[in-house]
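Each chain, written out:
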Amino acid sequence: MKLDPVSLRLFVAVMEESTIAAAAAREHLAASAVSRRLADLEDALRVALFTRSNKGTEPTAAAFALLNMARGVLNDLDGIASQMREYGTGVRGHVRVVANISAITQFLPVQLQSFMALHPKVQVQLQEQVSTAIAQSVAENAADIGILNQGQYGERVTLLPYRSDELVLVVPAAHPLARRKAVRLAEALPYDFVGAHPNSAINSQLTRAASEAGLPLRLRMQVTSYDAMCLMVNAGLGVGVMPRGSAGLYLGTLAVRTVTLKEPWAHRQLSLCVRSEESLSSVARLLVDHLRHPADLPANEPAAQHSRAQP
């Protein structure tokens, strides 16, 4: 049995885009050509990958099983091609990175800028996800490298030390807590909160901590970005919790203040997430090594703090 990489690539596109028409547009092909490739792939594998009706196509259980394998094969083929090109044209390649918003706002801008200055022919694709989705993307080979909150994500991924950060309370400048240097969460819970989106690690931590304190978490609204959170706090609509490094971006432009949270959970570890170190392509390995290096730490995070990070 001979499997055509082009057909596998089109199959992955259909699974990711949910429709043949959307996949065809993404791959700049006619929908009929994509449909024919899928039929050929089903014939070669001797299994139905989609059920077809007048409402469209629906993937079968076999399609979901094939998706992870197809991604792995295509990634390996891309890795062979990129590594061979490196011998004659310098380091080239493509690395897929998924990261949570804490890493994106605090660390990655400086680190990716310095990495791409060293390796201008390497293309880095970055996408924001929550930590649980990051682990799943890496495990399913939809991403090469993830950056997420340290935790338990199963045996399909490997965690490597990355950085530490600190969660702080962000309040309006005129808020009763604004003049405090540090507070316990219980002292903030009587006030309205501007929360992160429901699946975020910070929102889950706040909900759990409020429950342990025996007090309700008064979520007045939930937003999907730190800039939106700071704008809502600035407007006096509540207080919020976010990493200190992320909050620092807004202190000079908005009337908000940061207050230290005297809670053990406010000090967090971020980890790099890969399927395994052996599975990394050469360019992905270069990026992992670069991200783990403390030289690009922001000024507010000493290298000694990084050295304490554990996987």
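Residues numbered from 1 in each chain as written. Predicted model: local features only at pLDDT ≥ 70, side-chain atom pairs only at ≥ 80, totals over all residues. Heavy atoms only, no water.

**Some details on unusual backbone geometry**
- Here the phi dihedral of H28 falls at roughly 60 degrees; this positive angle occurs in a residue that is not glycine.
- Within the element layout of this structure, H28 appears in the loop between α2 (20–27) and α3 (31–45).
- The class of H28 is exposed, set by a relative accessible area of 72%.
- Phi angles above zero are rare outside glycine, and R46 is one such case at about 60 degrees.
- Tracing the sequence through the fold places R46 in the loop between α3 and β1 (50–53). (Helix = DSSP H or I, 4+ residues; strand = E, 2+ residues; numbered from the N terminus. Buried < 20%, exposed > 50% of the residue type's maximum accessible area, 1.4 Å probe, protein only.)

**Quick look at the packing of helix α1 (residues 5–17) against α3**
- Contact pair α1 / α3: the axes reach a minimum separation of 9 Å and the direction vectors enclose 110 degrees. By the angle between their axes, α1 is roughly perpendicular relative to α3. The two elements α1 and α3 meet at a crossing, and its hand is left-handed. Between α1 and α3, the residues in contact are V6, S7, L8, L10, F11 and V14 and V34, R37, L38 and L41, respectively. (Axes fitted to C-alpha atoms, helices over the stretch in contact; angles between N-to-C directions. Parallel < 35°, antiparallel > 145°, perpendicular 65-115°, else oblique. Left-handed = near helix turned anticlockwise from the far one by under 90°. Contact = heavy atoms within 4.5 Å.)

**A closer look at the confidence of the model for the protein chain**
- Of all residues in the protein chain, 90% attain a pLDDT of 70 or more, and the chain-wide mean is 88.
- Under a pLDDT of 50 for its full length, residues 298–311 has, in the predicted model, 26 contacts with residues more than four places off or in other chains. (pLDDT = per-residue confidence, 0-100.)

**Overview of the packing of helix α6 (residues 108–118) against helix α12 (residues 282–292)**
- The N-to-C vectors of α6 and α12 enclose an angle of 130 degrees; their axes lie 10 Å apart at closest approach. The angle between α6 and α12 falls in the class oblique. Crossing angle aside, the handedness with which α6 passes α12 is right-handed. Counting all contacts with α6, which are made through L108, Q111, L112, S114, F115 and L118, the residues of α12 involved are V283, L286, L287, H290 and L291.
- Of the residues contributing to the contact of α6 with α12, the split by class is eight nonpolar, three polar and no charged. (Nonpolar A, V, L, I, M, F, W, Y, C, P; charged D, E, K, R; others polar.)

**What to know about the nonpolar core**
- In this structure, L169, V170, F193, L206, V241 and W265 are the most contacted members of the largest nonpolar core, which totals 36 residues.
- Sorting the residues of this core by element identifies β6 (158–172), α8 (185–188), β8 (193–196), α9 (201–213), α10 (226–234), β10 (240–243) and β11 (256–261) as the ones contributing at least two each.
- The contacts of V241, once residues within four sequence positions are left out, are L167, V168, L169, F193, I202, L206, M229 and L261. (Core = buried A, V, L, I, M, F, W, Y, C linked by side-chain atoms within 4.5 Å.)

**As for α3**
- Its 15 residues place the ends of α3 21 Å apart at the C-alpha level, agreeing with the 21 Å of an ideal helix rising 1.5 Å per residue.
- Within α3, burial applies to A33, V34, L38, L41 and E42.
- R46, located one to two residues past α3, shows a positive phi value of around 60 degrees. (Expected span 1.5 Å × (residues − 1).)

**Concerning the pattern of salt bridges**
- In this structure the tally under the stated criterion is 16 salt bridges.
- Notably, a salt bridge pairs R184 with E263, separated by 3.1 Å at the nearest N-O pair. You can see R184 sitting in the loop between β7 (182–183) and α8 and its partner E263 sitting in the loop between β11 and β12 (267–274), a full 79 residues away along the chain.
- Across the salt bridge formed by D192 and R218, the nearest N and O atoms sit 3.0 Å from each other. Here D192 is found in the loop between α8 and β8, whereas its partner R218 is found in the loop between α9 and β9 (219–223), with 26 residues between them in sequence.
- Look at D192 and you get partly exposed, because its relative accessible area is 24%. (Salt bridge = Lys/Arg side-chain N within 4 Å of Asp/Glu carboxyl O.)

**Quick look at the packing of aromatic side chains**
- The full count for this structure, using the stated rule, is two aromatic pairs.
- An angle of 65 degrees between the planes, with centres 6.1 Å apart, marks the rings of F11 and F50 as edge-to-face. Here F11 is found in helix α1, whereas its partner F50 is found in strand β1, with 39 residues between them in sequence.
- Note on F11: relative accessible area 0%, which makes it buried.
- Considering the side-chain rings of F107 and Y162, the 5.9 Å spacing of their centres and the 90 degrees angle between planes classify their relative orientation as edge-to-face. Residue F107 is located in the loop between α5 (101–106) and α6, and its partner Y162 is located in strand β6; the two are separated by 55 residues in the primary sequence. (Phe/Tyr/Trp six-rings, centres within 6.5 Å; stacked < 30°, edge-to-face > 60°.)

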